[in-house]
Amino acid sequence: MEGAATRRIFIGGNWKSNNTVQQTKDLVQNTINKLSFDSARVEVLVAPVFTQLQWAKENVSSNVYVGAQNVSLFGFGAYTGEISAEALKDIGVEWTIIGHSERRTLFGETDEVVLKKTTRALEQGLKVIFCFGEVLAEREANQTIDVVNRQISGLKSLKPEHWNNIVLAYEPVWAIGTGKVATPEQ
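Conventions used here
- Residues numbered from 1 in each chain as written.
- Predicted model: local features only at pLDDT ≥ 70, side-chain atom pairs only at ≥ 80, totals over all residues.
- Heavy atoms only, no water.
- Helix = DSSP H or I, 4+ residues; strand = E, 2+ residues; numbered from the N terminus.
- Rg over C-alpha atoms; globule rule 2.2 N^0.38 Å.
- Buried < 20%, exposed > 50% of the residue type's maximum accessible area, 1.4 Å probe, protein only.
- Areas by Shrake-Rupley, 256 points an atom, 1.4 Å probe, with all protein chains shown as cover.
- Lys, Arg positive; Asp, Glu negative; His and termini not counted.
- Charge placed at Lys NZ, Arg CZ, Asp CG, Glu CD.
- Phe/Tyr/Trp six-rings, centres within 6.5 Å; stacked < 30°, edge-to-face > 60°.
- Lys NZ or Arg CZ within 6 Å of the ring centre and 35° of its normal.
- Core = buried A, V, L, I, M, F, W, Y, C linked by side-chain atoms within 4.5 Å.
- Contact = heavy atoms within 4.5 Å.

> So what about the overall build of the protein chain? Which residues, and what values?
Broken down by element type, the protein chain carries seven helices and six strands. For the protein chain, the sequential pattern of α-helices and β-strands runs β-α-β-α-β-α-β-α-α-β-α-α-β. At 17 Å, the protein chain has a C-alpha radius of gyration in line with the 16 Å of a compact globule built from 186 residues. In terms of its C-alpha atoms, the protein chain occupies a principal-axis envelope of roughly 45 × 45 × 40 Å. Each of the 186 residues in the protein chain was classed as buried or not, and the buried ones make up 35%. Taken as a whole, the protein chain presents about 10,800 Å² of accessible surface, with 52% of it coming from carbon and sulfur. The averaged location of the 21 negative side-chain charges in the protein chain is 2 Å from the averaged location of its 19 positive side-chain charges.

> Please set out the packing of aromatic side chains residue by residue, giving values where relevant.
Counting across every chain of the model gives five aromatic pairs. Aromatic pair Phe10 and Trp95: ring centres 4.9 Å apart, planes at 45 degrees, arrangement tilted. Of this pair, Phe10 sits in strand E1 (residues 9–14) while Trp95 sits in strand E4 (residues 95–98), placing them 85 residues apart in sequence. On the basis of an interplanar angle of 5 degrees and a centroid distance of 4.4 Å, the ring pair of Phe74 and Tyr79 is categorised as stacked. On the basis of relative accessible area, Phe74 is assigned to the partly exposed category, the value being 37%. Three or more aromatic residues link up through ring pairs in this structure, and these residues are Phe10, Tyr65 and Trp95. Cation over ring: Arg103 sits above Phe107, and NZ or CZ is 4.2 Å from the ring centre. Across the ring face of Trp174, the terminal group of Arg139 is positioned such that the distance to the ring centre comes to 3.9 Å.

> Give a detailed account of the nonpolar core, specifying residues and quantitative values.
Soluble globular proteins tend to pack their nonpolar side chains together in the buried interior. If you look at the biggest cluster of nonpolar residues, it comprises 29 residues, and the most contacted ones within it are Val46, Val60, Val71, Leu88, Val128 and Phe130. When residues of this core are traced back to their parent elements, those giving at least two are strand E2 (42–47), helix H2 (53–59), strand E3 (64–68), helix H3 (85–90), helix H5 (111–123) and strand E5 (127–132). When residues no more than four places from it in sequence are discounted, the contact partners of Phe130 are Ile98, Arg104, Val114, Thr118, Gln151, Ile152, Leu155, Ile166, Val167, Leu168 and Ala169. If you look at the next biggest cluster of nonpolar residues, it comprises seven residues, including Leu45, Ile97, Cys131 and Val167.

Written out as structure tokens, the structure is:
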């Protein structure tokens, strides 16, 4: 397509609920800041735990993005344990992960909640890594396409300008920690 911009390769690392402050410092100083890549072709992001976001933002190489692992459905207010898009932006965080399988399965985030969080984050100026994918039982029941369609169908409601600020991350949940791997055909 003539005139169309080519999207860069996107590589993101979600550190989940791992690492002490010292472990994060060691990882950033000894590994992340020593990465060599062409930032015109590749975007790299790390997502440490919330308590280490600001330190990471201040210490990670300027060619590596720092993202949040989650964002609240709400703005500032009485939402204990939540972190708003406004608070993330205040410390210079530009990206957030939304819809991760652990948020869906362990914390009960529905497709509706994931879409609302995505829309709000985008409206507040954050970029979003939108996660979706099926669990093993759904895969074995040949429901993959139905599950994926259900999870992403709400994205049709996004404004056209939001699509420059979203990365779709297919995550076959059944392949995480199970020893089962997808074949090229899958």
